Structures are given as C-alpha cells and as structure tokens.
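# Structural overview for review
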Amino acid sequence: MTAVDQGVWAAPGRINLIGEHTDYCDGFVLPFALPQRTVVTAERLDRPEWSVTSTLTGETVTFDLSEPVTGWAAYVAAVVWVLREAGHEVPGARLSIDSDVPGGAGLSSSAALECAVLSALADLGGLDIPVEQRPSLAQRAENAYVGVPCGIMDQSASTLCREGHALFLDCRSLATEQIPLDLAGQGLAILVIDSRAPHQLVDGEYAARRAACERAAELLGVPALRDAVLDDLSRLDDELLIRRSRHVITENARVLDTIALLREGRLREIGPLMTASHASMRDDFEITVPEVDEAVDTALAAGAYGARMTGGGFGGCVLALVEAEKAATVAEAVTTAFAARGFNPPATFLALPSPGAHRLS
Ligand code: GLA
C-alpha cells in the first residue's frame, strides 16, 4: 500500500439491534453503525512521536510510548501500541480528533476513536492490514493496553458496517453477513433514547458478568456459553450462574430469530424479540437501571413494537422500533415519564444504519 502524508478519516459509533453480552461468549450480535462518528485529521511526522489534540476540549497529549499513556489519549496510544506489537512500522503522526458520538452512552465512542485512529495510521504508514483483521487489533488495543475486557462487537461494527445494513457477526468464527435493514422503506424508524442515567461501577460489573459466563461454561465443560443449551442449566446449582447463562443462551437464539425475520422482510415482528431481550437483561443478567426500564416500558405503552437497552448496561441508551410517524410521540411520552420520576431529561434521536470506518479525504 502507498503511504499518504495526510488525510481525514472517520469511524462511527454503533447501536446493537440485538445480541447483548453474547460477543465474549463466542455468540451472535447484530449491530449497525450510527451517523454519529469520530473524525481524525492526521498528518505523518518524520519521528516516532504522536501528538493528539481533542477539538472538544482543546487538550493536546504528546507521547512516544516510553511511558504509559492514561486518560482519553490512552485509546490512541493503545492503537499505536497494538500495531507495533503486530509488527507494523507505525509512523509518528499529528492527530486532531473530533467526535459527535456521545460518550458514556453505550454507543461505542471508544471503538469509534480506536477504529478511526487505526484507519488513519494504517494509511499514513501504508500498512497492509486487511479490513477483516482490524476489529481484532482494535479490541486487543482496548483489552491489553486500556485494560477494558470488552468483546469484539463494537470494533467490528465500527469497522465493517455498511450503510442501510445491520452486521450479523458470529463472534467465534468472525464470519459476517450484511443484513439489509430498510427501515424507511417500511415506514419504520428506530428511536434512540439516551437515558443519561449516571453510570456507576460499570467496569467492575461488566468484568463480573464476563467472569460469570466464563465460569458457567467451565462448569458445563464447554468452550463458551455459545455451546450451551437451556437443558444444560439443570447441571448448574448456582442460581446466579443459571440466570446469567440463561440470558446468553436465550439471547443468542433471539439474534438468530431476528435475522430470520429480517431476511423475510418482517421487520415489525422483531419487536417482541427486542422486548424479550430487555426483560432478559433486566431479570437474568441484571444490567439495567430504573431509567432504561422506564424508557422501555413507556415506549411500549406509547406504541413501540419493541424496545430494549443497548450496550454494556447500567444506563446508556434504549432503542425502540416504531412507526416513523409515531417516533416524536413516543419520544415525548418518554420525556414526560422521565420528568414525572425526577430523572434527568433523556436525549432522543433516530438511528440510521450508516457506513463503517473510511477515509473522508
Ligand atoms: C460493550 C462491549 C461489547 C459488548 C457489549 C455488550 O459494548 O464493548 O464488547 O460486550 O458491551 O453486548
């Protein structure tokens, strides 16, 4: 590949239609990319040094990897680190970062940053990194450098999604299929409700859920919960592990059922699967909070076909499948319900399936 001296690259946030906490269980997910994205303007430097400016805060962090980088710039350093680890000659660079992906909302602002930086550095260095290998690199950057034990969904979505499609990803084989998601063509919309619930203990809880799933798989004698079926649960005697596993097993089945309906163009019928996914996250996986439960219940009462929380949990966003013409009414109903309960006002917007990471100029 020919190296370029400078350019502008973008990578999007994502929303997950269905398949939550299944990625690190070798299971199935169905995310799509959002129009909200992180944009990196970059130029190559002739020395092994990286200088990163956030246009949001005006802050600049400069590093050469001789010392650990912390804070938001750690996500950038992590990408430089992982590329070097993989044997690539990463060029020094000056990077300027802008983003309209809301942070802390479960929409993968970190993956958007990692994937945009990875695209920029790959092109600046003329590095030959096939697009299918990029999600694993970005995930490893986050796992090993930043120290977040995330699965592979977010980085895959930010890299591989296509406009107008959801990405069906088998997180074991990493096989993908682009599933057409023509919402507007069927008069539908996906309303996103950012609960703006304050996040608490998120990292510890995420790691605890992952550890429980791995423990359950070990006790069942299978490589991952992807390989378990509901009948296996009678072989576990820990009530908590039974519930955690039941979420993953039923969630994987719901992803496959959703895809079967989407393939037949029966979009409205995925609503009950979305709502069942939420109930499973609330009751079995225990990762919802009152704000997201309220958003789901109110959206359904206001006429949504289905609604569920998306992302790691403990706050963040809910997505509701609605008739396009009803989206504003549903959003209003949720805003009113939040006010009545004394919650922070939610933010709402419509999600349009958008393209994955690419060079803008
Ligand atoms: C976060 C992680 C993903 C995935 C989801 C839950 O977004 O980064 O890997 O585990 O939570 O589905």
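For every chain, the first residue of the written sequence is number 1, and numbering continues from 1 onward in sequence order. Reporting of local features is limited, given that this is a predicted model, to residues whose pLDDT is at least 70; pairs of side-chain atoms are given and counted only at 80 or more, and all residues count toward the totals for whole chains, interfaces and linings. Only hydrogens and water are removed before side-chain values are computed, so all heavy atoms of the structure are retained for them.

Where an unreviewed UniProt entry is consulted, the chain appears under the name Galactokinase, with the organism given as Catellatospora aurea. UniProt positions are given in the numbering used here, feature names are shortened, and annotations may be inferred rather than shown by experiment. The Catalytic activity (unreviewed entry) comment attached to the chain in UniProt states, word for word, "alpha-D-galactose + ATP = alpha-D-galactose 1-phosphate + ADP + H(+)". The record in UniProt for the chain states the following under Pathway (unreviewed entry): "Carbohydrate metabolism; galactose metabolism."

### Structural notes on the overall build of the chain
Each helix and strand counted, the chain has nine helices and 13 strands in total. Atoms counted for the radius of gyration: C-alpha only. Globule rule: 2.2 Å times residue count to the power 0.38. Computed over C-alpha atoms, the radius of gyration of the chain comes to 20 Å, within 12% of the 21 Å expected from 2.2 N^0.38 for 361 residues, which places it in the range of a compact globule. Over its C-alpha atoms, taken along the principal directions, the chain stretches across nearly 60 × 50 × 40 Å. Split into buried and exposed, the 361 residues of the chain put 56% on the buried side. Here a residue-residue contact requires only that any non-hydrogen atoms of the pair lie within 4.5 Å. In the chain, the proportion of contacts linking residues at least 24 apart, taken out of those at least 6 apart, comes to 72%. Of the roughly 14,500 Å² of accessible surface on the chain, a fraction of 50% belongs to carbon and sulfur atoms. In this charge count, Lys and Arg are treated as positive and Asp and Glu as negative; neither His nor the chain ends contribute. The atom standing in for a charge is NZ when the residue is Lys, CZ when it is Arg, CG when it is Asp and CD when it is Glu. The positive charge centre, built from 28 side chains, and the negative charge centre, built from 49, are 2 Å apart in the chain. Helical segments are the DSSP runs of H or I of at least four residues, strand segments are the runs of E of at least two, and each set is numbered from the N terminus. Under the scheme applied here, a residue whose accessible area is under 20% of the maximum for its type counts as buried, over 50% as exposed, and between as partly exposed, the area being computed with a 1.4 Å probe on protein chains only. Computed with the Shrake-Rupley method and a 1.4 Å probe, the accessible areas treat only the protein chains shown as cover for residues.

### Comments concerning the UniProt feature "binding site: substrate" (unreviewed entry) in the chain
Mapped onto the present numbering, the UniProt feature "binding site: substrate" (unreviewed entry) falls at E20, H21, T22, D23 and Y206. Judged by maximum C-alpha separation, these annotated positions cover 187 residues in sequence but sit close together in space, the widest gap being only 12.6 Å. None of the other annotated residues line the largest pocket; only E20, H21, D23 and Y206 do. Positionally, H21 belongs in the loop between β1 (6-16) and β2 (28-29). Judged by relative accessible area, which is 5%, H21 ranks as buried. Residue contacts for H21: discarding those within four places in its chain leaves Y206, R209, H247, V248, F285, I287, G311 and G312. Identification of polar contacts relies on pairs of N or O atoms within 3.5 Å, with a donor-acceptor requirement for protein atoms, meaning one able to donate a hydrogen and the other able to accept it, and with residues adjacent in sequence counted only if both atoms are side-chain atoms. A polar contact is formed between the side chain of H21 and the side chain of Y24, at a distance of 2.6 Å. As for its position among the elements, D23 is in the loop between β1 and β2. Look at D23 and you get buried, because its relative accessible area is 9%. Discounting chain neighbours no more than four positions away, the residues touching D23 are V29, G151, I152, M153, C171 and Y206. Here a cavity is any set of points on a 1 Å grid over the protein atoms alone where a 1.4 Å probe fits but cannot get out, and a pocket is any open set with protein on both sides within 12 Å along at least 5 of 7 lines; a residue lines the site when it has an atom within 4 Å of a point.

### Looking at the site of the ligand
We call a residue near a molecule or strand whenever a single non-hydrogen atom of that residue lies within 4 Å of it. Taken together, R14, E20, H21, D23, Y24, C150, G151, M153, D154, Y206, G311 and G312 form the complete shell of residues around the ligand. Here an oxygen atom of the ligand sits 3.1 Å away from a polar atom, N or O, in the side chain of R14. For the ligand, whose unbound accessible area comes to 310 Å², protein coverage reaches 92%. Placement in a cavity or pocket follows one criterion, namely that more than half of the molecule's atoms lie within 2 Å of its grid points. A molecule is said to occupy a pocket when more than half its atoms come within 2 Å of that pocket's grid points, and by this definition the ligand occupies the largest pocket.

### Observations concerning the side chain of N16
Mapped onto the fold, N16 is located in strand β1. Among the polar contacts made by the side chain of N16, one reaches the main-chain carbonyl oxygen of G19 at a distance of 2.7 Å. Sequence-distant contacts of N16, defined by excluding residues within four places in its chain, comprise V29, L30, P31, M153, R308, T310 and L319.

### Comments concerning the UniProt feature "active site" (unreviewed entry) in the chain
As recorded in UniProt, the sites labelled "active site" (unreviewed entry) are D154. Along the polypeptide, D154 turns up in helix α4 (residues 153-160). Look past the residues within four positions of D154 in its chain and what remains in contact with it is R14, S108 and A111. In this structure the side chain of D154 is engaged in a polar contact, spanning 3.2 Å, whose partner is the side chain of S108.

### With respect to the pairing of strand β7 (residues 165-170)
With five of six residues buried, β7 lies mostly within the body of the structure. Here β2 pairs with β7 via two bridges, running antiparallel. Paired with F28 across the bridge in β7 is D170. For two strands to pair, DSSP has to find at least two bridges joining them. What sits between β7 and strand β8 (residues 176-180) in their antiparallel hairpin is a turn of five residues, with L174 showing a positive phi close to 65°.

### Observations regarding the environment of G125
Positionally, G125 belongs in helix α2 (residues 109-125). Judged by relative accessible area, which is 25%, G125 ranks as partly exposed. Distance from G125 to R14, taken between C-alpha atoms, is 27 Å for residues 111 residues apart in sequence. Not counting chain neighbours up to four residues away, the residues in contact with G125 comprise A3 and P91.

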